[in-house]
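What follows is each chain in one-letter form.
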Amino acid sequence: MGAGTSKNSDSTSHGDGDGEERDEYEGGGQLYVSLKMENYTLNADLLPHVFGSASLVGSWDSSRALPLERESTSMWQLSFVVPPNHETLDFKFLLRPKDSNNPCIIEEGPNRILSGGRLQGDARAALFRLNADAVLEYRVCINADRISPFDLASSWRAYQENIHPSTVRGILDVSMNSETCFESSSSANLELDLERYVVPSPATSATSGLVYPANLAETPRYISARKYSSESDFSKSGDTGSQPIGPTADKEMEVKIQDLAKVSTTSAAVEDKLATTASPTQKQESHKGVFVDRGVGSPRLVKSTSAGTFADDVKLGSGNKTAMPAAAGAVAAAAVADQMLGPKEDRHLAIVLVGLPARGKTFTAAKLTRYLRWLGHDTKHFNVGKYRRLKLGTNQSAEFFRGDNTEGIEARNEVAALAMEDMISWMQEGGQVGIFDATNSTRERRNMLMKLAEGNCKIIFLETLCYDERIIERNIRLKVQQSPDYAEQPDFEAGYRDFKRRLDNYEKVYEPVEEGSYIKMIDTVSGNGGQIQVNNISGYLPGRIVFFLVNTHLTPRPILLTRHGESQDNVRARIGGDSSLSDTGELYAKKLANFVEKRLKPERAASIWTSTLHRSISTANHIVGFPKVQWRALDEINAGACDGMTYLEIKMDMPEEYESREKDKLRYRYPRGESYLDVIQRLEPVIIELERQRAPVVVISHQAVLRALYAYFADRPLKEIPHIEVPLHTIIEIQMGVTGVQEKRYKLMD
Ligand SMILES: Nc1ncnc2c1ncn2[C@@H]1O[C@H](COP(=O)(O)OP(=O)(O)O)[C@@H](O)[C@H]1O
Ligand SMILES: O=P(O)(O)OC[C@H]1O[C@@](CO)(OP(=O)(O)O)[C@@H](O)[C@@H]1O
């Protein structure tokens, strides 16, 4: 943190403290409430919560109580900030059973009262009556610290210590203005109805939340466009155009999909074609389940046809199938690091999902694919369900999935082998990471896959386990709604019953992964953090994948992306620089503050992230009540020798530079500056942090940076990034949720 201008707070924990400094921070102070509960007799089924009189803690509605987060095996904690002029806060702890059918258990005794920033009474224990004979006791520790905005920012900084935000020109790198610091001019005031400002999102917007992610996975090779019939997955998902729907939909696949309206071939022809794609050997071996206990990372991997030279291998994004481009020597360092420096077997990596149905495998596969592609790793998602539907149709009942249905097992193994063969062929052409998405729930199936992969790629199993019945129930319902398997089942309840039976069939034969290299995600979406277990994982890319998975979760929250208000340099059409806002930009800053206040009011906590440049920091100036964090990583693309010039000046004075950039804007690096690929690499920690945050975040940054960030959420290919439209004075709201990402745009100024 910058200059230590904070005043020390007077702790009022447990009602201690004389309160003489009560008014010290009035008008500027905050009350930082920190709650801890400790109990050594582990009862994982009861989750500590707090509820009380303020809406922040649910207005005495136990269903809206705030959960405490697990800090260690025995300790739970929660911190929140109460506005400076808060009224008395009455609250109580409660234990919420994991099984929602059981009632909450509210602590015994009177309400706890926090008044004028002081806690009344000294109850250091919370007693919960489980039944007539049993009482569960938690040790509690409550701190209510009146602190200056600077202290609050400082504690925020401590919490964020792994972010390394920078300090610039004496401005605190983390700050918080707690009171309105601008006169609300009528022109800056927003109408209360935010919907008025909604503008349409582009056709390529972030819509994964609306599309079942399996539909966006790879389509089997060798199916010529003619072979698509109206029975295919694409027609099920509502696509009738010449391209599959959704942002990632098979953009680079060899098969071009024609206008479905013009295609008359039947699904039988597709089946027929699919049936002939498996090699005879593969067909014979597909379900034998020969046990190949070879672990992973077979030295034979280097035999892959594409494992020849580095230049042959490197493909930045899935668009460029040639060797390294000449464009100004630009290279996405991380995208090639493992290929150049890492172990050879990392060149082709298969992440093989394992798990019962409705455990988030396809969701996780799609998300991981998006992340790795964005980083520049050539990655494809192979969904065996999609292969099955294309080969066998969508109307397989639960019986088909019985563990003793030999025909069903054979058919399922066959489509799995087909998908695996496609994946390996693609890797041999230079593909780097294949995400193989199926239940793969028996050892026999996994052995078959390991055998197919032998000498071709390294396999890491990624098992998703979930023991939270409420989440499983929610997932089942989502699946019945979303999966093409039930697209033709008009009766939801009938679909639901069938899916439950399918699940039972899988459960009977399920064998958790214990072999080879694996990552297990255990209850990672239950809200308590869950666990990630890893076994025999090494290498650059696997490490990165684990780190990504550790940080992602499903807590719904919005991420608001906006450029700074118009700057003086924008008016003069000069790039880069560090100018202040124009009058129009100032007005936007005020409107933005209004917008943020209105939009995020219902949210419990949020933070504002800016770059370290004036125009970004000033755009956040009027936003009050939320911590602000400056990130150097959010600074605009560094235009190096061209900084401060207009595009016309560059064209006239540095024509070669201008032309190089025109030719390959993604890879072009300004002399002594950056390329878009450089920007993407430096934004990776920002993406991880955005994934990790559970509260809303407002990112006020710059055109190039926002193009890169937006591309991650909207799953846009690398090559499109420098051309994505990110207009001034527009807010792109990315809603992260249990079905994926959705986008909404607001334009605040005409
Ligand atoms: N790690 C996870 N554990 C449990 N549920 C998850 C996880 N990740 C995502 N989900 C939820 O599971 C829902 C269904 O996921 P899906 O990927 O279709 O399941 P599967 O492929 O395992 O059948 C998703 O919409 C998401 O809300
Ligand atoms: O990559 P291009 O299309 O040049 O866009 C990036 C440019 O956008 C600008 C405006 O022209 O960003 P900013 O949002 O910071 O104002 C320049 O500073 C920056 O160099």
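Residues numbered from 1 in each chain as written. Chains lettered and ligands numbered in written order. Predicted model: local features only at pLDDT ≥ 70, side-chain atom pairs only at ≥ 80, totals over all residues. Heavy atoms only, no water.

A.B. asks: Got a minute to help me understand the overall build of the chain in this structure?
C.D. replies: Tallying secondary structure elements over the chain gives 20 helices and 26 strands in all. The buried share among the 750 residues of the chain stands at 56%. Look at the contacts in the chain between residues 6 or more apart in sequence, and 73% of them connect residues 24 or more apart. Taken as a whole, the chain presents about 31,000 Å² of accessible surface, with 49% of it coming from carbon and sulfur. (Helix = DSSP H or I, 4+ residues; strand = E, 2+ residues; numbered from the N terminus. Buried < 20%, exposed > 50% of the residue type's maximum accessible area, 1.4 Å probe, protein only. Contact = heavy atoms within 4.5 Å. Areas by Shrake-Rupley, 256 points an atom, 1.4 Å probe, with all protein chains shown as cover.)

A.B. asks: Which parts of the structure should I look at to understand the site of ligand 1?
C.D. replies: What surrounds ligand 1 is a group of 17 residues, the closest being Ala358, Lys361, Phe363, Lys479 and Val738. Here an oxygen atom of ligand 1 sits 2.7 Å away from a polar atom, N or O, in the side chain of Lys361. Taking Asn475, its side chain carries an N or O atom lying 2.9 Å from a nitrogen atom of ligand 1. For the shell around ligand 1, the elements supplying multiple residues, two or more each, are α7 (361-375) and α11 (469-482). The element that contributes the greatest number of residues to the shell around ligand 1 is α7, accounting for four residues. Of the residues assigned to the shell around ligand 1, the class counts are nine nonpolar, five polar and three charged. (Near = heavy atom within 4 Å. Polar contact = N/O pair within 3.5 Å; in protein donor to acceptor, adjacent residues only side chain to side chain. Nonpolar A, V, L, I, M, F, W, Y, C, P; charged D, E, K, R; others polar.)

A.B. asks: Would you mind showing me how to read the packing of aromatic side chains here?
C.D. replies: Under the definition given, this model contains 14 aromatic pairs. Taking the centre distance of 4.0 Å and the plane angle of 10° together, the rings of Tyr371 and Phe548 count as stacked. Of this pair, Tyr371 sits in helix α7 while Phe548 sits in helix α13 (residues 540-551); the two residues are 177 residues apart in sequence, bridging distant segments of the chain. Of the two residues examined, Tyr371 and Phe548, each falls in the buried class. Between the aromatic rings of Phe401 and Tyr506, the centroid separation amounts to 5.8 Å while the plane-to-plane angle is 35°, which identifies the pairing as tilted. Here the residue Phe401 occupies a position in the loop between α8 (384-392) and α9 (406-428), and Tyr506 occupies one in helix α12 (residues 492-509), the gap between them amounting to 105 residues. The same class applies to Phe401 as to Tyr506, namely buried. A cation over an aromatic ring shows up here: Arg370 above the ring of Tyr712, its NZ or CZ 4.6 Å from the ring centre. A cation sits over an aromatic face here: Arg477 above Tyr496, 4.6 Å from the ring centre. (Phe/Tyr/Trp six-rings, centres within 6.5 Å; stacked < 30°, edge-to-face > 60°. Lys NZ or Arg CZ within 6 Å of the ring centre and 35° of its normal.)

A.B. asks: What is the right way to read the UniProt feature "binding site: substrate" (unreviewed entry) in the chain from this model?
C.D. replies: Those places that UniProt annotates as "binding site: substrate" (unreviewed entry) correspond, in this numbering, to Arg563, His564, Gly565, Glu566, Ser567, Gln568, Asp569, Asn570 and Arg615. Taking the farthest pair of C-alpha atoms as the criterion, the annotated set spanning 53 residues converges on one region, since that pair is 14.1 Å apart. Residue position: Arg563 is located in strand β21 (residues 557-563). Residue Arg563 is classed as buried on the basis of its relative accessible area of 9%. At a separation of 3.0 Å, a polar atom in the side chain of Arg563 contacts the side chain of Gln703. Positionally, Arg615 belongs in helix α16 (residues 614-620). Accessibility expressed as a relative area gives 4% for Arg615, which makes it buried. Once you skip the residues sitting within four places of it in the chain, Arg615 turns out to touch His564, Ser567, Gly576, Gly577, Asp578, Ser579, Leu581, Glu636 and His702. (UniProt positions renumbered as here; feature names shortened; annotations may be inferred.)

A.B. asks: What is the right way to look at the site of ligand 2 in this model?
C.D. replies: The local shell around ligand 2 holds 15 residues, among which Glu636, Tyr647, Arg661, Lys665 and Tyr676 are the closest. At 2.8 Å from an oxygen atom of ligand 2 is found a main-chain nitrogen or oxygen belonging to Gly576. A distance of 2.7 Å separates an oxygen atom of ligand 2 from a polar atom in the side chain of Arg661. With the chains in place, 93% of the 470 Å² that ligand 2 exposes on its own is no longer accessible. Of the residues contributing to the shell around ligand 2, the split by class is four nonpolar, five polar and six charged.

A.B. asks: Where do I start with the sheet that holds strand β20 (residues 531-535) in this structure?
C.D. replies: For sheets, the rule is that strands pair by backbone hydrogen bonds, running either parallel or antiparallel. Pairing is mixed in the open sheet, where six strands are placed in the order β16-β17-β15-β18-β19-β20. Of all the strands in the sheet, just β16 (379-383) and β20 have a single pairing partner and so form its edges. On average, each strand axis in the sheet is inclined to that of its neighbour by 15°, with strand direction left out of account. Inspection of the sheet shows β16 paired to strand β17 (residues 433-437) by five bridges, in the parallel sense. The residue of β17 that forms the bridge with Lys380 is Gly434. Sheet strands in contact with α8 are β16 and β17, and its direction is about 50° off that of β16. Along the sheet face, α9 touches β15 (349-354), β16, β17 and β18 (458-465) and points at about 175° away from the line of β17. (Pairing = 2+ DSSP bridges. Axes fitted to C-alpha atoms, helices over the stretch in contact; angles between N-to-C directions.)

A.B. asks: How should the pairing of strand β24 (residues 697-701) be read in this particular structure?
C.D. replies: Successive side chains on a regular strand alternate, one facing one side of the sheet and the next facing the other. Across the five residues of β24, five count as buried, placing the element largely inside the fold. Side-chain alternation along β24 places Val697, Val699 and Ser701 on one buried face and Val698 and Ile700 on a second face that is also buried. Across five bridges, β21 lies against β24 in parallel orientation. Counted as the bridge partner of Leu561 is Val699 from β24. Where strand β22 (residues 607-610) lies against β24, four bridges are found, and the strand directions are parallel. Bridging across to β24, Thr610 finds its partner in Ile700.

A.B. asks: What exactly am I supposed to notice about the pairing of β18 here?
C.D. replies: For β18, a buried count of eight out of eight residues is recorded, marking the element as mostly surrounded by other parts of the structure. Along β18, one buried face is formed by Lys458, Ile460, Leu462 and Thr464 and the opposite face, lined by Ile459, Phe461, Glu463 and Leu465, is buried too. Direction of pairing for β15 relative to β18: parallel, over a ladder of six bridges. Each residue of the ladder has a partner; that of Ile351, found in β18, is Ile460. Summarising the sheet, β18 and strand β19 (residues 517-522) pair through six bridges and their orientation is parallel. Looking across to β19, one finds that Leu465 is bridged to Ile522.

A.B. asks: Explanation requested: a negative patch on the surface in the structure shown.
C.D. replies: Together, Asp45, Asp99, Glu469, Asp504 and Glu507 make up a region of like negative charge exposed at the surface. The partly exposed category is assigned to Asp99, whose relative accessible area is 39%. (Patch = residues over 30% accessible without salt bridge, like charges linked within 9 Å, V, L, I, M, F, W, Y side chains within 5 Å. Salt bridge = Lys/Arg side-chain N within 4 Å of Asp/Glu carboxyl O. Lys, Arg positive; Asp, Glu negative; His and termini not counted. Charge placed at Lys NZ, Arg CZ, Asp CG, Glu CD.)

A.B. asks: Explanation requested: the environment of Lys361 in the structure shown.
C.D. replies: Its place among the elements puts Lys361 in helix α7. Judged by relative accessible area, which is 8%, Lys361 ranks as buried. Spatially, the C-alpha atoms of Lys361 and Asp437 are 6.7 Å apart, while their sequence positions differ by 76 residues. In this structure, Lys361 is in contact with Leu353, Val354, Gly355, Leu356, Asp437, Ala438, Thr439 and Thr464, ignoring residues within four places of it in sequence. A polar side-chain atom of Lys361 sits 3.2 Å from the main-chain carbonyl oxygen of Gly355. For Lys361, the side chain forms a polar contact with the main-chain oxygen of Leu356, separated by 2.7 Å.

A.B. asks: Can you walk me through the packing of α9 against helix α10 (residues 443-453) in this structure?
C.D. replies: The description of two packed helices rests on the angle between their axes and on the distance between the axes. Packing of α9 against α10 brings their axes to within 10 Å, and their N-to-C directions diverge by 30°. In terms of orientation, α9 and α10 fall into the roughly parallel class. Considering only the axes of α9 and α10, their crossing is right-handed. Listed contacts from α10 to Arg412, Asn413, Ala416, Ala417, Met420 and Ile424 of α9 are Arg445, Met448, Leu449, Leu452 and Ala453. Per-class residue counts for the contact of α9 with α10 are eight nonpolar, one polar and two charged. (Parallel < 35°, antiparallel > 145°, perpendicular 65-115°, else oblique. Left-handed = near helix turned anticlockwise from the far one by under 90°.)

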